[in-house]
Amino acid sequence: MTLAFESVAEARAWLYEQRACGLRIGFVPTMGALHEGHLDLVRRAARENDLAIVSVFVNPLQFNDPKDYAAYPRTFAEDVRLLATAGCAMAFTGTLAQFFPHELDAAGKLNAAHQVPPGAAALGLEGAMRPGHFEGVAAIVDRLFETVLPDTAYFGAKDYQQAQVVLGLARRRGGPRVVVCPTVREASGLALSSRNARLSVEDRQRAAQIYQALRAGQAAWDAGVRDADALRSSVLLVLQRTPEFRIEYVAVRDPSRWTAEEPHGAMQQAVCLVALWLSGVRLIDNLRWDAPA
Ligand code: PAF
């Protein structure tokens, strides 16, 4: 059974009691509309800790498009039902005002004094395409960490830059331990995402080409190609075979030295990141080439 609280104060009080008993807490922050990718994180949190805790909060601070925020699915009861199958001890939700009781201005924006810098990993790509997004993510993740005080928090590798932002944030605030878990994919290779539900059957087949493109880059890397532009072109070539894609970016980065700008020349390590639109749905994916899949 999964306990469910619809207020931050209740969740905080319950968590205080669990910590007082010395229980180890694994935490998975989410925005709900849960799928197998989230449940995978929750199962791992449950395996590695005494309690797996999940937050379900559609955070307005990280949406740069109010229409996207309004349309985001809110399915708390269904989410709790799914979480019970994955070993989640407690799930909670709340309101922006409950998370930030003294920090919001009249327009519901965080006061400047309470903003949490997202760090260098927020520069470029998602940070450039979605202004304010990582500032909103950093603010809520920081507050969620403060609320739950987890020993370990679990994030998916699919949101590559977010995971780097959170790792930096956790380092600067002195915890918690952050575990970044591999992307869960459909048999076709399509990365699981709440947004996939908005794709037709044909579009899902098309979207699987994103992974094929990333794998083409992997094949080039494995064959010894190290030039950033050549690697990028090998991915682009596959994506361009699907005219329905509206590509936002195909980027190669050295994961040990994040830069807003595209690197040129030989890479020692490489992660490839893709963002594109398909039938009005924005999809992102990435693949680290220099590490085993
Ligand atoms: O990845 C998400 O679902 C969100 O960005 C997160 C980490 C829960 C913060 O709102």
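Before any of the text, the structure's been laid out above.
Residues numbered from 1 in each chain as written. Predicted model: local features only at pLDDT ≥ 70, side-chain atom pairs only at ≥ 80, totals over all residues. Heavy atoms only, no water.

K.L.:
Is there a simple way to explain the side chain of D68 in this structure?
P.N.:
Mapped onto the elements, D68 comes out in helix α3 (residues 66–71). When neighbours within four sequence positions are excluded, D68 is seen to be in contact with F63 and R195. (Helix = DSSP H or I, 4+ residues; strand = E, 2+ residues; numbered from the N terminus. Contact = heavy atoms within 4.5 Å.)

K.L.:
What's the story with the packing of helix α9 (residues 201–222) against helix α10 (residues 228–239) in this structure? I'm lost.
P.N.:
When two helices pack together, you describe them by how their axes are tilted relative to each other and by the distance separating the axes. It is at 8 Å that the axes of α9 and α10 come closest, and there the two elements cross at 150°. It follows that α9 is roughly antiparallel to α10 by the angle criterion. In this structure, α9 crosses over α10, and the sense of that crossing is right-handed. Packed against α9, whose contacting residues are Q209, I210, Q212, A213, L214, A216, G217, A220 and W221, the element α10 presents L231, S234, V235, V238 and L239 at the interface. Of the residues belonging to the contact of α9 with α10, the class tally is ten nonpolar, four polar and no charged. (Axes fitted to C-alpha atoms, helices over the stretch in contact; angles between N-to-C directions. Parallel < 35°, antiparallel > 145°, perpendicular 65-115°, else oblique. Left-handed = near helix turned anticlockwise from the far one by under 90°. Nonpolar A, V, L, I, M, F, W, Y, C, P; charged D, E, K, R; others polar.)

K.L.:
Honestly, the sheet that holds strand β8 (residues 271–278) in this entry has me stumped. Any pointers?
P.N.:
Hydrogen bonds between backbone atoms are what pair the strands of a sheet, whose relative direction is either parallel or antiparallel. The antiparallel open sheet is built from three strands, whose spatial order is β7-β8-β9. Looking at which strands have only one partner, the edges of the open sheet turn out to be β7 (246–253) and β9 (281–288). Neighbour-to-neighbour, the strand axes of the sheet open up by a mean angle of 10°, direction not taken into account. With seven bridges connecting them, β7 and β8 associate as antiparallel partners. When the bridges of β8 are listed, V250 appears paired with V274. On the sheet, α10 packs against β7 and β8 and is oriented at approximately 150° with respect to β7. (Pairing = 2+ DSSP bridges.)

K.L.:
Where do I start with the sheet that holds strand β1 (residues 3–5) in this structure?
P.N.:
Spatially, the six strands line up as an open sheet ordered β1-β4-β3-β2-β5-β6, and their pairing is parallel. Each edge of the open sheet is held by one strand with a lone partner, namely β1 and β6 (177–181). For this sheet, the mean inter-axis angle between neighbouring strands, taken without regard to orientation, is 25°. With two bridges connecting them, strand β2 (residues 25–30) and strand β5 (residues 152–156) associate as parallel partners. Its bridge partner lying in β5, G26 is registered against T152.

K.L.:
For this particular structure, what's the right way to read the pairing of β6?
P.N.:
Within a regular strand, the side chains alternate between the two sheet faces. Of the pairings in the sheet, the one linking β5 to β6 comprises five bridges and is parallel in character. Across the sheet, F155 pairs through a bridge with V180, a residue of β6. In this fold, the crossover linking β5 to β6 by way of helix α8 (residues 160–173) has right-handed handedness. (Right-handed = clockwise from strand over helix to strand, strands pointing away.)

K.L.:
Can you help me understand the environment of D222 in this one?
P.N.:
Inspection of the secondary structure puts D222 in helix α9. Judged by its relative accessible area of 55%, D222 falls in the exposed class. (Buried < 20%, exposed > 50% of the residue type's maximum accessible area, 1.4 Å probe, protein only.)

K.L.:
Can you walk me through the nonpolar core in this structure?
P.N.:
Within soluble globular proteins, side chains that are nonpolar tend to cluster in buried spots. I53, F92 and F145 are the most contacted members of the largest nonpolar core, which has 37 residues in total. Sorting the residues of this core by element identifies α1 (8–20), β2, β3 (51–56), β4 (90–92), α5 (96–99), α7 (133–148), β5 and α8 as the ones contributing at least two each. Element by element, the count of residues in this core is highest for α7, at nine residues. Residues L199, V250, C272 and L276 belong to the second largest nonpolar core, which totals 28 residues. (Core = buried A, V, L, I, M, F, W, Y, C linked by side-chain atoms within 4.5 Å.)

K.L.:
Is there a simple way to think about the packing of aromatic side chains in this case?
P.N.:
Ring pairs (aromatic) are described by centroid distance and by the angle formed between their planes. Inspection of the entire model under this criterion finds seven aromatic pairs. Ring geometry for F57 against F99: centres 4.8 Å apart, planes inclined by 50°, an arrangement best described as tilted. Within this pair, whereas F57 is found in the loop between β3 and α3, its partner F99 is found in helix α5, the two being separated by 42 residues in sequence. Look at F99 and you get buried, because its relative accessible area is 1%. Feature note: the residues F57, F92 and F99 constitute an aromatic cluster, connected by ring pairs. Taking the ring centre of Y69 as reference, the NZ or CZ of R74 above it sits at 4.7 Å. (Phe/Tyr/Trp six-rings, centres within 6.5 Å; stacked < 30°, edge-to-face > 60°. Lys NZ or Arg CZ within 6 Å of the ring centre and 35° of its normal.)

K.L.:
Explain unusual backbone geometry here, please?
P.N.:
A negative phi angle characterises most non-glycine residues, just as the trans form characterises most peptide bonds. Cis geometry is adopted by the peptide bond preceding P176, which originates at G175 and carries an omega value of 0°. Take P176: it is sitting in the loop between α8 and β6. Of note in the backbone geometry, A33 takes a positive phi value of approximately 50° without being a glycine. As for its placement among the helices and strands, A33 is situated in the loop between β2 and α2 (36–48). The phi dihedral of L149 is positive, around 45°, even though this residue is not glycine.

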